[in-house]
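Inside the fold
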Number of protein chains: 2
Amino acid sequence: MLHPIIILVEPQLAENIGMVARAMANFGLSDLRLVSPRNGWPKKGAHSAASGATHVLEGAKLYDTAREAIADLNYVFATTARERGQMKRVFGPEPAMAEAHARIASGQGVGILFGRERTGLENDEISLADAIVTFPVDPKFSSLNLAQAVLLMSYEWQRRATGGALPFGSEQSTPPAPREMLVSFFDYIESELDAVNFYPEDKKPIMARNMRDIFHRLQLSEQDVRTLRGAIRAIAEGRRLRNR
Amino acid sequence: MLHPIIILVEPQLAENIGMVARAMANFGLSDLRLVSPRNGWPKKGAHSAASGATHVLEGAKLYDTAREAIADLNYVFATTARERGQMKRVFGPEPAMAEAHARIASGQGVGILFGRERTGLENDEISLADAIVTFPVDPKFSSLNLAQAVLLMSYEWQRRATGGALPFGSEQSTPPAPREMLVSFFDYIESELDAVNFYPEDKKPIMARNMRDIFHRLQLSEQDVRTLRGAIRAIAEGRRLRNR
């Protein structure tokens, strides 16, 4: 078991099970256990909601009780939106998955229990767990959809397991243009602006500095400088043509 | 604008819009903008999927184009699962919401663009944005449901805005029992075990220490010690009754 195992206790809607499978696959999880799905299993509707995460649904294991579904695991989290008065450690999703990562790295099997859509986990099911996970929701609107709860745990697992690696990063931008090219560009702008008497004589130094500031902030590459210089030249020459 | 604004560009399914509203409300967001919803608006199906987040749906503002929907904002993120060859900074959800938080704290309006269910944002829409957000998904299964993408951004916003505060924490456990009470409990266990000749004479010291170790790890409270002592006494007295 190289990943945490997602355990749904008496899920009702096949669509939700499908969306759980999709959320798991989005973040690299695949071990799904179902405890007595209310409407039987397999069930129409799950596959289309899984949107391609068929391998998760087809690999799902069925159990009669939560107790049987966690029997082979070494550490179990129970998710709940409500305080249950059980003396267990309470985690947010991120520290929970840090704990899961450390335990799985040392060879332990880790599972996460999710309750029924309407009523969550029963207290007796929560008492099977080593720790509680809850979500940093707005207390005025705390009811997470089942697949959303699974998504957040899967997301935090993946972030911990991969160091938050994104599928792509910022484009390698070309290096900033050599300063000589940039200063020559500034000279060019100022010469074109001088040609149309843009600057009042007494304000010219400060206005020119402000203009340079704007272009400095852009961190222009060589290509950027050529593009802008070409655009300004085109406008200036258009004007010269009109002025003939 | 005290929170980031969620902007859905040409969303197709009313159910998805409803689930977006629910995900936003779960994490304290409420400003929703809709750009040309494919099937019109308002639309049946959104309310039931919103599962009570009616205020978000009813406050949603309609726009014809993404350009109009971001006109009054100071900084805009575009979400995408695919690299677009645009020289923009790429964020994961957590650093994106750190950036949003800093900008909103300084009075800026911040929006997040989400694209169509099937095809995402067009390149021209992405070019309206200041930066890109993408998700740390499994590259083999990278297509997030629309509401799931909104959920992750809302979750990271709320974590940043509240310092990850959970709706409840670990139960304040009662303090560990006084050591005198614990040592007296150990003595009691050992006396009961001596009474049934549990320990082979030569192993007694090490076995007793191991037993003490187990109970030490539990960090028992006064109530815990009374509970366990009572349970052991009941078993021992039951045996004595049988042995009469």
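Anything mentioned here points back to the structure above.
Below is a short write-up of the structure. These figures come from a predicted structure and were not determined experimentally.

Time to look at the interface of chain B and chain A. Residue-level contacts link 54 residues of chain B with 54 residues of chain A. Interface of chain B and chain A: buried area, both sides summed, is about 4,400 Å²; carbon and sulfur atoms make up 61% of it. Where chain B touches chain A, the interface holds four salt bridges. A salt bridge links B:Arg159 to A:Glu94, with the nearest nitrogen and oxygen atoms 2.7 Å apart. Put simply, chain B and chain A have 15 residue pairs in polar contact (both at pLDDT 80 or more) between them. Of all the secondary structure elements, the ones that give two or more residues to the side of chain B that touches chain A are α1 (14–26), β5 (89–91), α5 (93–105) and α7 (146–162) of chain B.

All names here are of chain A. Of note, the bond from Trp-41 into Pro-42 is cis; its omega dihedral lies within 30 degrees of zero at -5 degrees. The backbone of Ser-51 sits at a positive phi, close to 50 degrees, despite the residue not being glycine. Looking at the secondary structure, you find Ser-51 in the loop between α2 (46–50) and α3 (54–58).

Turning our attention to the sheet that holds strand β6 (residues 110–114) of chain B. Remark on secondary structure: sheet strands pair via backbone hydrogen bonds, oriented parallel or antiparallel. Residue and element names in this part refer to chain B. Taken in spatial order, the seven strands make up an open sheet running β3-β2-β1-β6-β4-β7-β5, and their pairing is parallel. The open sheet has two edge strands with one neighbour each: β3 (61–63) and β5. Ignoring which end each strand starts from, the neighbouring axes of this sheet average 25 degrees apart. In this sheet, β6 lies alongside strand β4 (residues 75–79) in parallel orientation, the contact comprising four bridges. Bridge pairing in β6 links Val-76 to Gly-111. Along the sheet, α5 makes contact with β4, β5, β6 and β7 (131–133), crossing β4 at roughly 165 degrees.

This paragraph deals with the pairing of strand β1 (residues 5–9) of chain B. Residues and elements named next belong to chain B. The buried fraction of β1 amounts to five of the five residues, a majority that puts the element mostly inside the structure. Burial of the side chains of β1 extends over both faces: Ile-5, Ile-7 and Val-9 are buried on one face and Ile-6 and Leu-8 on the other. Of the pairings in the sheet, the one linking β1 to β6 comprises four bridges and is parallel in character. For Ile-7, the partnering residue across the bridge sits in β6 and is Leu-113. Bridge analysis of β1 against strand β2 (residues 32–35) gives four bridges, and the strand direction is parallel.

This part is about the relation of the copies chain B and chain A. The two copies are related by a screw motion: chain B maps onto chain A through a turn of 180 degrees and a shift of 0.1 Å along the axis, at an RMSD of 0.2 Å. The relationship between the two copies is best expressed as a two-fold rotation axis. Within chain B, B:Gln148 has its C-alpha nearest the rotation axis, a separation of 3.4 Å. Take the interface residues of chain B: 100% of them recur as interface residues in chain A, which is what a same-surface contact looks like.

Analysis parameters
- Residues numbered from 1 in each chain as written.
- Chains lettered and ligands numbered in written order.
- Predicted model: local features only at pLDDT ≥ 70, side-chain atom pairs only at ≥ 80, totals over all residues.
- Heavy atoms only, no water.
- Contact = heavy atoms within 4.5 Å.
- Buried area = accessible area lost by both parts, 1.4 Å probe.
- Salt bridge = Lys/Arg side-chain N within 4 Å of Asp/Glu carboxyl O.
- Polar contact = N/O pair within 3.5 Å; in protein donor to acceptor, adjacent residues only side chain to side chain.
- Helix = DSSP H or I, 4+ residues; strand = E, 2+ residues; numbered from the N terminus.
- Pairing = 2+ DSSP bridges.
- Axes fitted to C-alpha atoms, helices over the stretch in contact; angles between N-to-C directions.
- Buried < 20%, exposed > 50% of the residue type's maximum accessible area, 1.4 Å probe, protein only.
- Least-squares fit on C-alpha atoms with pLDDT ≥ 70 in both.

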